[in-house]
Amino acid sequence: MDFDFEPEEQAPAGHKPQRPRKIRRSDDAPPAGPVPVDGADFFRPSHQEPPPPPAPPCHEEPGRPQHPIQRGLFMLILLVQAALSAAAVIQLYRTRMLPNYYLAILGALLALVWLLFFKCQRYKVRGALTRLLSLVLSAAMAVGCVWAQQGLDALDKVTMGDEETDYEAQAITTQPFVVYLSGVDNRGELTEDARSDVNILAVVNPVTKRVALVNTPRDYYVDLAGTDSKDKLTHAGLYGVETSMQTLGDLYGIQVDEYVRINFAGFIDIVDALGGIDVYSDTAFTSVGSPGYYDPTDFVEGWNHLDGAAALAFARERHAFATGDIQRGINQMKVIDAMLEKIKSPALLTNYSRLLEAVSDNFVTSLSSGQIAALVRMQLSDFAAWDIENCSVTGTSSSSTHCYSAQGQKLYVMTPDEASVAAAQAVIQSVLSGEPAPAPEDAGASSAGSGSSQPAA
């Protein structure tokens, strides 16, 4: 820029002095008019503080950069979560209990949860809360692994059947089958031969979702399989569970495919693990005691809440009834119904560990783990309701000295009522052939004996 200066000269006398020239930029144009001035500028402080820096983004914490140790801990937690989640899914897959699409949905949900935690911890959105939730998730996955492993261990203990291919195991969900439910008064191993005091055939049609429970009194005088003699049904167990299965199969003209055995001590433990059961009694009665199992127990007419010992007393009592073993069989099926209802309730989840422990020590079955898993998957896939019918064959009290296991001894026996046996056979064939369940008003007529279902609570 250029500045013009003129030297001062001595003004002559009487000469009026001229105004000094204004110094200005040579490249600036003179103002065309008055210049507006903001009066507030005169009152501003001479030193003005600089404006504050812009606010950081919401996902950053100013002044707290993420330390490498914190980042490493975050990655470690994330890896532990992923490892535990994957292990839980693998364990659940190994049980083969859940349908594959359940596992796919679970895996997708876990992936979304991992992503959510990653984003929350990466951008520090409520950091303490997300870290707490991540720890809860890790703990839940660890519990899931243990839960699944317990299920696998229990299945290994109770299943006596040979392992089958998935295709062979799946056949149990598409074809009718018959299971022998046996309750033994035995304090030893369940694989030992022993008399069976509970003899119920469960005839199952998985396609029509229909089940018939057929009770046969323990003292029924029947042809003993493998011999040309007769004996009490309970004595068939002395020669093995297969002999009992074949004896009952011959009685009803069917093939009994599988068996489930439970001892009385185990029955008590299982009912207690379920938190007790609710059973409807047709009459009030008092059961006699059984040393080592239960004391004399009173039951009222109507609903009774029973613990394990009381449930066993209810199921075993026969002396308090005019029909003896007939009513005992009916009561036994009432107890089975009550247990099934409790298993379908949240009690199965809240008492899972206790139930597995009780089952694994006191329960054996010829069903393979693959067959059990296939049945569970089938039920979980549609949550279908099942029609369950109860019937019991009858007979007349008698005695015999020609029991195969006690030749020459006079023993109490029950001579079968052929009409009730024929009625039971009709019910069994109806289920096996895939016929629909009878209407409620016809159910009593189609069932042998008086083994009707208990009233709804």
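In this report, we go over the structure that sits alongside the text. (Residues numbered from 1 in each chain as written. Predicted model: local features only at pLDDT ≥ 70, side-chain atom pairs only at ≥ 80, totals over all residues. Heavy atoms only, no water.)

Across its 14 residues, helix α11 (residues 369–382) extends 21 Å between first and last C-alpha, which sits within 8% of the 20 Å expected from 1.5 Å per residue. Of the residues making up α11, those classed as buried are S369, G370, Q371, I372, A373, A374, R377 and M378. (Helix = DSSP H or I, 4+ residues; strand = E, 2+ residues; numbered from the N terminus. Expected span 1.5 Å × (residues − 1). Buried < 20%, exposed > 50% of the residue type's maximum accessible area, 1.4 Å probe, protein only.)

By the element assignment, N304 lies in strand β10 (residues 302–306). In this structure N304 comes out as buried when scored by relative accessible area, which is 8%. Once residues within four sequence positions are removed from consideration, N304 is found in contact with I277, D278, V279, S281 and F299. (Contact = heavy atoms within 4.5 Å.)

Moving on: unusual backbone geometry. Although it is not a glycine, K209 adopts a positive phi angle of roughly 55°. Structurally, the position occupied by K209 is in the loop between β2 (196–205) and β3 (210–215).

The next thing to look at is the sheet that holds strand β1 (residues 177–184). On the basis of which strands lie adjacent, the open sheet formed by six strands has the order β11-β6-β1-β2-β3-β12 and mixed pairing. Since the sheet does not close on itself, it has two edges, and those belong to β11 (363–365) and β12 (387–392), each with one partner. Averaged over all adjacent pairs, the angle separating strand axes in this sheet is 15°, with direction ignored. (Pairing = 2+ DSSP bridges. Axes fitted to C-alpha atoms, helices over the stretch in contact; angles between N-to-C directions.)

So, about the nonpolar core. Judged by nonpolar contacts, the single largest core of 47 residues is most densely connected at F267, I270, I277, L306 and V335. Apart from the residues lying within four places of it in its own chain, the contact partners of I277 are V271, N304, H305, L306, A311, V335, A338, M339 and K342. The next biggest cluster of nonpolar side chains, apart from the first, holds 28 residues, and it includes V178, Y252, I326 and M414. (Core = buried A, V, L, I, M, F, W, Y, C linked by side-chain atoms within 4.5 Å.)

Let us look at the packing of aromatic side chains. Summed over the entire model, instances satisfying the criterion amount to six aromatic pairs. An angle of 65° between the planes, with centres 5.9 Å apart, marks the rings of Y239 and Y404 as edge-to-face. One end of the pair, Y239, is in the loop between β5 (230–232) and α5 (241–252); the other, Y404, is in the loop between β13 (395–403) and β14 (406–416), with 165 residues separating them in the sequence. With relative accessibility at 37%, the residue Y239 sits in the partly exposed group. Relative to F314, the ring of F285 lies with its centre 5.7 Å away and its plane at 40°, an arrangement referred to as tilted. Residue F285 is located in strand β8 (residues 285–287), and its partner F314 is located in helix α7 (residues 308–316); the two are separated by 29 residues in the primary sequence. (Phe/Tyr/Trp six-rings, centres within 6.5 Å; stacked < 30°, edge-to-face > 60°.)

These figures capture arrangement, not role.
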